[in-house]
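# Summary of structural features
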Amino acid sequence: TRALALEAKDLEALRRAMAEYDGCELKKGARNLVFSDGNSAADVMVIGEAPGKDEDHAGRPFIGPAGQLLDKMFAAIGRTREATVAQEAMYLTNVMPWRLPQNRDPLEDEIDMMVPFVRRHIALVRPKVIVLMGNIACKALLGQTGITQLRGTWTEVEAIPALPMLHPAYLLRRPDAKADTWRDLKAVMAKLKEVS
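The structure displayed is predicted, hence computed values, not measured ones.

Scoring rules and cut-offs
Starting from 1, residues in each chain are numbered consecutively following that chain's sequence as written. Reporting in this predicted model follows two pLDDT cut-offs: at least 70 for local features of residues, and 80 or more for side-chain atom pairs to be given and counted; totals over whole chains, interfaces and linings ignore these cut-offs and use all residues. Excluded from the side-chain calculation are hydrogens and water; included are all heavy atoms of the structure. A helix here means a DSSP run of H or I that spans at least four residues, while a strand means a run of E at least two residues long, and both kinds are numbered starting from the N terminus. Residue contacts are defined here by distance: any two heavy atoms, one from each residue, within 4.5 Å place the two residues in contact. Polar contacts, as counted here, are pairs of nitrogen or oxygen atoms within 3.5 Å of one another; within protein the pair requires one atom able to donate a hydrogen and one able to accept it, and residues that are adjacent in sequence qualify only if both atoms are side-chain atoms. When a residue's accessible area, from a 1.4 Å probe over protein chains only, is under 20% of the maximum for its type it is buried; when over 50% it is exposed; and in between it is partly exposed. The directions from the helix axis to the C-beta atoms are what the arc is built from. Following DSSP output, two strands are said to pair if at least two bridges run between them. In this analysis, rings of Phe, Tyr and Trp, with Trp reduced to its six-membered ring, are considered paired at centre separations within 6.5 Å, and the interplanar angle assigns stacked below 30 degrees, edge-to-face beyond 60, and tilted for intermediate values. Think of it as a cone above the ring: NZ of Lys or CZ of Arg counts as a charge over the ring if it is within 6 Å of the ring centre and within 35 degrees of the ring normal.

## Observations regarding the environment of His121
- When you line up the elements, His121 lands in helix α6 (residues 108-125).
- Placed 70 residues apart in sequence, His121 and Pro51 show a C-alpha to C-alpha distance of 17 Å.
- Residues contacting His121, with those up to four places away along its chain left out, are Leu11, Leu14, Phe35, Ser36, Met45, Tyr91 and Thr93.
- Within the structure, His121 has its side chain in polar contact with the side chain of Tyr91 (distance 2.7 Å).

## Comments concerning helix α2 (residues 11-20)
- Buried residues of α2: Ala13, Leu14, Ala17 and Met18, and no others. Looking straight down α2, one finds its buried side chains confined to an arc of 135 degrees; they lie on one side.
- Of the surrounding elements, those touching the buried residues of α2 are α1 (2-7) and α6.
- In this structure Asp10 caps α2, since a side-chain oxygen of it lies 3.3 Å from the backbone nitrogen of Glu12.

## A word on the pairing of strand β6 (residues 160-165)
- Of all six residues in β6, six are buried, a share of seventy percent or more.
- Going residue by residue along β6, you find Ile160, Ala162 and Pro164 tucked away on one face and Pro161, Leu163 and Met165 tucked away on the opposite face as well.
- Where strand β4 (residues 129-133) and β6 come together, four bridges link them in parallel fashion. Bridging from a neighbouring strand, Val131 pairs with Leu163 of β6.
- Of the pairings in the sheet, the one linking strand β5 (residues 155-157) to β6 comprises three bridges and is antiparallel in character.

## Here's the deal with the packing of aromatic side chains
- The full count for this structure, using the stated rule, is one aromatic pair.
- A cation over a ring is seen here: Lys191 above Trp154, with NZ or CZ 5.0 Å from the ring centre.

In structure tokens:
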């Protein structure tokens, strides 16, 4: 996948390379490749884990209940996926582009297979800030898990400031964690001012 990813000179070529890639068994059980949503010129790139049922049907990331919460969270800091201005937009993708059976977590080799595509995706979008939503995104790009400890601490991915955050699906189960997420969103706003 590394060679395929590096050959992609733009996002459409990357989408095609991923759609044509047959080395991952997950593709066979998925309805759609879930590539991205939002404005690719956005200065915030959100990287999630994997599509769920709603996302698999629509071919777009973060559109189910967790995605609706994510939209509300980012709207609170003036970011939407529909915005045409980079400073008001966000761009969304996942580590895994295909739905996993029974929404299980991806296996290590499945993650490893997709990481070159994710890294190339970041290189092509060139955001100012990356938000790593949940454990799988942190495992793929930082080699670490334990999102409740990782969240709120800035790191770097591909020389871009990156902030691990709790996945909105977690927040739906644990609304008491929303205060931490609000602090993280404010940290994203502050970092954007710093790097702009």
